Every structure is written in C-alpha cells, then in structure tokens.
Amino acid sequence: MARRIRTSVLATALVTVAALPAAAAPVAVDLSTWTAFNLPYSGAATAEPGDWIVGPAGVTVGQDVNGRPTFFASPEGADGYRITTTFTTPTGDDDFFGLALGFSTDPADPTSHYLLIDWKQDDQTVDWLEGSGTATASAGLAVSRVTGVPTLGETWSHTGKVVELHRGATLGATGWVDEESYEFVVEYTLNSLDVWVDDSHEISIVGDFPAGPIALYDFSQEEMNYSAITFEM
C-alpha cells in the first residue's frame, strides 16, 4: 500500500524575523539526493529501521516507522550555513524528532562524532532489552554530543555516549504538541550553534564541533513529516 505524506499543514516559506541576523536568499534542497541511515541495534526486542519516504519534487519527506534511531542525511556539510526546516507532528505517540549536525554517515563507526538536537513530547521510562535496564527520557528540547555508537538506552536518556550539553531556553522541559508545524532555524559553525524554534532563540552554545552533513532525526516516532528545508550562507 502506498504511504501517505500529509502536506496540507506544511509550511512552505522561510519566515524573516528581526531576531535573526541577515543572510543570503535561502536555497531549497532536493531531498531525493539525501540518504537514510539507522543506528545499529542488537537488543532482544524489535526495533525496526526507519522508513523515509520522499514526497513529490523532493520537497517533503515522511518517516513512518516507530523504531530505532534513524537519520536522513544531506550530501553536503552543514557547517557555515543557516538551515531552516519545518517539522509537522502527528497524532499519537510521544517520542523524539530533531536534527543531527556534523553527522557521521556511518553510525556504526566507533569514531563517529556529531551533535544531536532532539525534542521529546513526554517523560517516559522504557527497557530496550539491551541488558542495561530501564532508561528515562525527559520531555523537552535538548542538544547533546554523540561519540561512538550509543545504545538505544543511551540515546533515549542522554547518557553514556550521548552527553547532554544544553536544554532549550523555554522548551527545555516542554514537549511538542500533536498536529503542529514547528519551524526550526539552525546556524551552525565548527565553534558555535544557535537554534530558533518558531522565532524563539532556544539554544546558543560554543565549543569544538564536528564538520559534516546535517541529518533529519527520528527515534520511535512514526508519521513525522519534514519540509521547507533550505540552506543559506
């Protein structure tokens, strides 16, 4: 059966706001050139790989599987760009979506290193049956540094190989809402990261950050839609 990608509520234009510094005109990306990757998993429970379905003209993509951490990565690097994307949430379930920056296109590489921006709707404790017991995820928006190949429990709870760096200024403990569209604007360099959500400046950190692609991210959240993705210098 063909999968349905909802487009009626997807934003299609970059919103210019005074809080954001000026930049060149945005360039829309062709998502048909992006590639899906999945975090390796060896637990006893089922954790299916993601299923990314690109819509007409390569301007939208949906992820329809409630499974393991999955990524949809650009062919170009993210550093030095302002990147805009719109996330549209479904009804049902309460898990993670977001972005990876400086993404390693081999998630099984033990030397991989990237930043992960993720947003959870509700607090939740689960056992991924990897032998390490339960793991608790907190509601809200956060950015973490990922090194190596984390387990599902580490990715879920921001522990071990997933080190949380910062939580959102107003959304750090606030979950996303069903059937809403959220515009993210990300400015990323090798020593700074700024993130706005619907014009609210949520994350501003400095550090030593990796070069590499940007990737859309989904963990255990089916029927997510991603659209209006642009790059600006």
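The preceding data block contains the structure.
Here the structure is a predicted model, which is why all the values come from computation and not from measurement.

Core analysis: the biggest nonpolar cluster contains 35 residues, and Trp34, Leu101, Trp119, Phe184, Leu193 and Leu216 have the highest contact counts within it. Contact partners of Trp34, with chain neighbours within four places excluded, come to Val29, Phe72, Ala73, Ser74, Pro75, Glu76, Ile214, Leu216, Ile229 and Phe231. In terms of nonpolar packing, the next biggest core, distinct from the first, is built from 22 residues, Tyr41, Val126, Trp156 and Ala215 among them.

Here we come to the side chain of Asp194. Looking at where Asp194 falls in the secondary structure, it is placed in strand β14 (residues 192-197). No salt bridge forms around the buried Asp194; measuring N to O, its nearest opposite-charge neighbour Arg82 is 9.9 Å away. A polar side-chain atom of Asp194 sits 2.8 Å from a polar atom in the side chain of Ser204. Beyond its immediate stretch of four places on either side in the chain, Asp194 contacts Val185, Val186, Glu187, His201, Ile203 and Ser204.

Here the focus is the sheet that holds strand β8 (residues 113-120). Across the sheet, which stays open at both edges, the seven strands sit in the order β2-β5-β16-β7-β8-β11-β12 with antiparallel pairing between neighbours. The open sheet has two edge strands, β2 (35-38) and β12 (162-167), and neither has a second partner. The sheet shows a mean angle of 25° between the axes of neighbouring strands, taken without regard to direction. Relative to β12, strand β11 (residues 140-147) runs antiparallel, the two sharing five bridges.

Criteria and cut-off values
Residues numbered from 1 in each chain as written. Predicted model: local features only at pLDDT ≥ 70, side-chain atom pairs only at ≥ 80, totals over all residues. Heavy atoms only, no water. Core = buried A, V, L, I, M, F, W, Y, C linked by side-chain atoms within 4.5 Å. Buried < 20%, exposed > 50% of the residue type's maximum accessible area, 1.4 Å probe, protein only. Contact = heavy atoms within 4.5 Å. Helix = DSSP H or I, 4+ residues; strand = E, 2+ residues; numbered from the N terminus. Lys, Arg positive; Asp, Glu negative; His and termini not counted. Salt bridge = Lys/Arg side-chain N within 4 Å of Asp/Glu carboxyl O. Polar contact = N/O pair within 3.5 Å; in protein donor to acceptor, adjacent residues only side chain to side chain. Pairing = 2+ DSSP bridges. Axes fitted to C-alpha atoms, helices over the stretch in contact; angles between N-to-C directions.

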